[in-house]
Amino acid sequence: MPDRLYLSPPHIGPDELALVTEAFKTNWVAPVGPHVDAFEREFAAYVGVEHAVALSSGTAALHLALRDLGIGPGDEVAVSDLTFCASVNPILYEGATPVFVDSECRSWNLDPNLVEDLFRNRAARGRQVTALVPVHLYGQTADLDALVALCERYGVTMVEDAAEALGATYRDRSPGTFGRAGIFSFNGNKIITTSGGGMLVTDRAETAAHVKKMATQARDAAPHYEHSEVGYNYRLSNVLAGIGRGQLRQLDARVAARRRVFDAYVDALGDLPGVDFMPEAAWGTHTRWLTCLTIDPEAAGVTREDVRLALEADDVEARPVWKPMHLQPVYAQYETVGGAVSADLFDRGLCLPSGSAMTEADVERVVHGVKSVFGTRTSRSAG
Ligand SMILES: *Cc1c(COP(=O)(O)O)cnc(C)c1O
């Protein structure tokens, strides 16, 4: 029996162990140190931004981005409906109110028309949404030109959740660089990992300095411990930053590998009835962090759950597309603009194993598993 095939396991490169060893040898086993500084510099250069702050998670990064913005009770924050809960919880940590906005079909990301409907609706009532948090899903950016224009027109501040889109581009620019701040995640299943970690990027020196301060218990400049605001313990450790530096060196190769995995799936499964892959919008490069597809049960004769369970029986991990926020019991009280597109993508969408270390045999194992379900159902309905 072959090993379990995971959705997106870590892929360690040639440099990580030496970089971590260096942290031990120099006794920088601390939440600050030379690897943290270097990781921030190298990351900022890669993304093309003035400042990067290494943090303990992507969630912590989004929390501090919103806290730096100063949102609180009475503020509304528009956020993608189709996403992971970590895009939303930091809004609630600060006591603000999320408003969920549905996706468009061409990118699976925020529909600018619905964002405009929301902004216009509030303006008509003499109100204003305080912030917009677009999520760049599964390795693809949202339509940033359209969203930036809307934010400018209606006086809304943008903070980008680019946790899933490191390595992607929008018109040759990295996501995370279009708003006041952007955040990335180095969780174990992301395109690069520090086992756990995150990064906040911004061109604003004040924001970078404030976030660094808040991440280290908001200590004021004084020889003793002096505090004039509430802080957090959110800094990335120097050991983990060493892993991150090694991972970052491999990022372009990881994107290329994930795109190759996607292409192999399209070649092998693209002709199956009722199967459609997540589209790549014309405005940039999709990293294919995860290969996502939809299965139309009428045309296919099978559901995404039939396929997922067949893969699971062969110890292959596949996962439904994110369950939209408006369908999550914990957020039931909040307003949603639209919701039919994200609900449909959840009903029919499946993410296949997409790791950058997958072999041709691994891909073939998944392909075989998917095809076997289609094969049995087709012959059954034919008989
Ligand atoms: C992974 C992820 C996060 C959170 O990142 P962590 O590092 O796990 O805290 C936030 N938003 C999205 C869309 C994610 O996929």
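Within each chain, residues carry numbers counting from 1 in the order of the written sequence. Per-residue local features are limited, in this predicted model, to residues with pLDDT of at least 70; the limit for side-chain atom pairs, both in listing and counting, is 80 or more; totals at the level of whole chains, interfaces and linings are taken over all residues. The basis for every side-chain value is the complete set of heavy atoms in the structure, and neither hydrogens nor water enter the calculation.

It is worth spelling out the site of the ligand at this point. Neighbouring the ligand are 15 residues; Thr59, Asp161, Glu164, Ser185 and Lys190 lie closest to it. Side-chain polar atom of Thr59 to an oxygen atom of the ligand: 2.5 Å apart, as the coordinates give it. Polar contacts here mean pairs of N or O atoms no more than 3.5 Å apart (in protein, one a potential hydrogen donor and the other a potential acceptor; neighbouring residues in sequence count only if both atoms are side-chain atoms). Glu164 places a polar side-chain atom, nitrogen or oxygen, 2.6 Å from an oxygen atom of the ligand. Only the protein chains shown count as cover for residues, and all accessible areas are computed by the Shrake-Rupley method using a 1.4 Å probe. For the ligand, whose accessible area on its own is 380 Å², the fraction buried by protein is 93%. Class assignment of the residues belonging to the shell around the ligand gives a composition of 4 nonpolar, 8 polar and 3 charged. Any residue with a non-hydrogen atom lying within 4 Å of a molecule or strand is treated as near it. Polar here means any residue outside two lists: the nonpolar Ala, Val, Leu, Ile, Met, Phe, Trp, Tyr, Cys and Pro, and the charged Asp, Glu, Lys and Arg; Gly therefore counts as polar.

What follows is about the side chain of Lys190. Tracing the sequence through the fold places Lys190 in the loop between strand 6 (181-185) and strand 7 (198-202). Of the side chains bearing the opposite charge, Glu164 lies closest to the buried Lys190, which forms no salt bridge; the N-O distance is 5.4 Å. Ignoring sequence-local partners within four residues, the contact set of Lys190 consists of Ser8, Ala163, Glu164, Ser185, Arg258 and Trp289. Put simply, DSSP H or I for four residues or longer makes a helix, DSSP E for two residues or longer makes a strand, and each gets a number counted from the N terminus. Burial status follows relative accessibility: with a 1.4 Å probe on protein chains alone, a residue under 20% of its type maximum counts as buried, one over 50% as exposed, and anything between as partly exposed. Under the convention used here, Asp and Glu are negative, Lys and Arg are positive, and both His and the chain ends fall outside the count. The salt bridge definition used is simple: a Lys or Arg side-chain nitrogen within 4 Å of an Asp or Glu carboxyl oxygen. In what follows, a contact means two residues having at least one pair of non-hydrogen atoms within 4.5 Å.

Turning to the nonpolar core, a few remarks are in order. Side-chain atoms within 4.5 Å are what join buried Ala, Val, Leu, Ile, Met, Phe, Trp, Tyr and Cys residues into a set we call a nonpolar core. Of all hydrophobic cores here, the largest spans 35 residues; its most connected members are Phe39, Phe43, Tyr138, Leu166, Phe184 and Met199. Elements represented by at least two residues in this core include exactly helix 2 (34-47), strand 1 (51-55), strand 7, helix 8 (238-249) and helix 9 (251-269). Counting only domains with at least three residues in this core, you end up with domain 1 (14-250) and domain 2 (252-382). With residues near it in sequence (within four places) discarded, Phe184 still touches Phe43, Val47, Gly58, Ala162, Ala163, Leu166, Ser174, Pro175, Gly176, Gly198, Met199 and Val201. Note that the domain bounds reflect an automated or database-derived domain assignment.

Each domain of the protein was delimited in the assignment, giving domain 1 (14-250) and domain 2 (252-382). Placing a centre on the C-alpha atoms of domain 1 and another on those of domain 2 gives a separation of 27 Å. Across the contact, 43 residues belong to domain 1 and 38 residues belong to domain 2. Two parts lose some accessible area (1.4 Å probe) when they are put together, and adding that loss for both gives the buried area. Of the roughly 3,800 Å² buried where domain 1 meets domain 2, counting both sides, 62% is carbon and sulfur surface. Area buried by domain 1 at its contact with domain 2 is led by Trp108, Tyr138 and Ile191, which between them contribute 23% of it. Arg122 serves as the salt-bridge partner of Glu335, at 2.8 Å between the closest nitrogen and oxygen. Where domain 1 touches domain 2, the interface holds 26 residue pairs in polar contact (both at pLDDT 80 or more).

This part takes up the environment of Leu114. Relative to the helices and strands, Leu114 is located in helix 5 (residues 112-124). In this structure Leu114 touches Val101, Asp102, Val337 and Gly338, once residues within four positions along its chain are discounted.

The next subject is helix 8. For helix 8, built from 12 residues, the straight-helix expectation of 16 Å at 1.5 Å per residue is met to within 8% by its first-to-last C-alpha distance of 17 Å. For helix 8, a buried count of 10 out of 12 residues is recorded, marking the element as mostly surrounded by other parts of the structure. Among the residues of helix 8, those classed as buried are Asn238, Val239, Ala241, Gly242, Ile243, Gly244, Arg245, Gly246, Gln247 and Leu248. Where helix 8 begins, the side chain of Ser237 points an oxygen toward the backbone nitrogen of Val239, at a separation of 3.2 Å. Multiplying one less than the number of residues by 1.5 Å gives the expected span of a helix.

Turning to the sheet that holds strand 11 (residues 336-337), a few remarks are in order. Sheet strands pair via backbone hydrogen bonds, and the direction of the pair is either parallel or antiparallel. DSSP calls a pair of strands paired once it identifies at least 2 bridges connecting them. Spatially, 8 strands are ordered 1-7-6-5-4-2-3-11 in an open sheet, and the strand pairing comes out mixed. The open sheet has two edge strands with one neighbour each: strand 1 and strand 11. Bridging between strand 3 (residues 97-101) and strand 11 involves 2 bridges; their strand directions are parallel. Following the sheet pairing, Val101 is matched in strand 11 by Val337.

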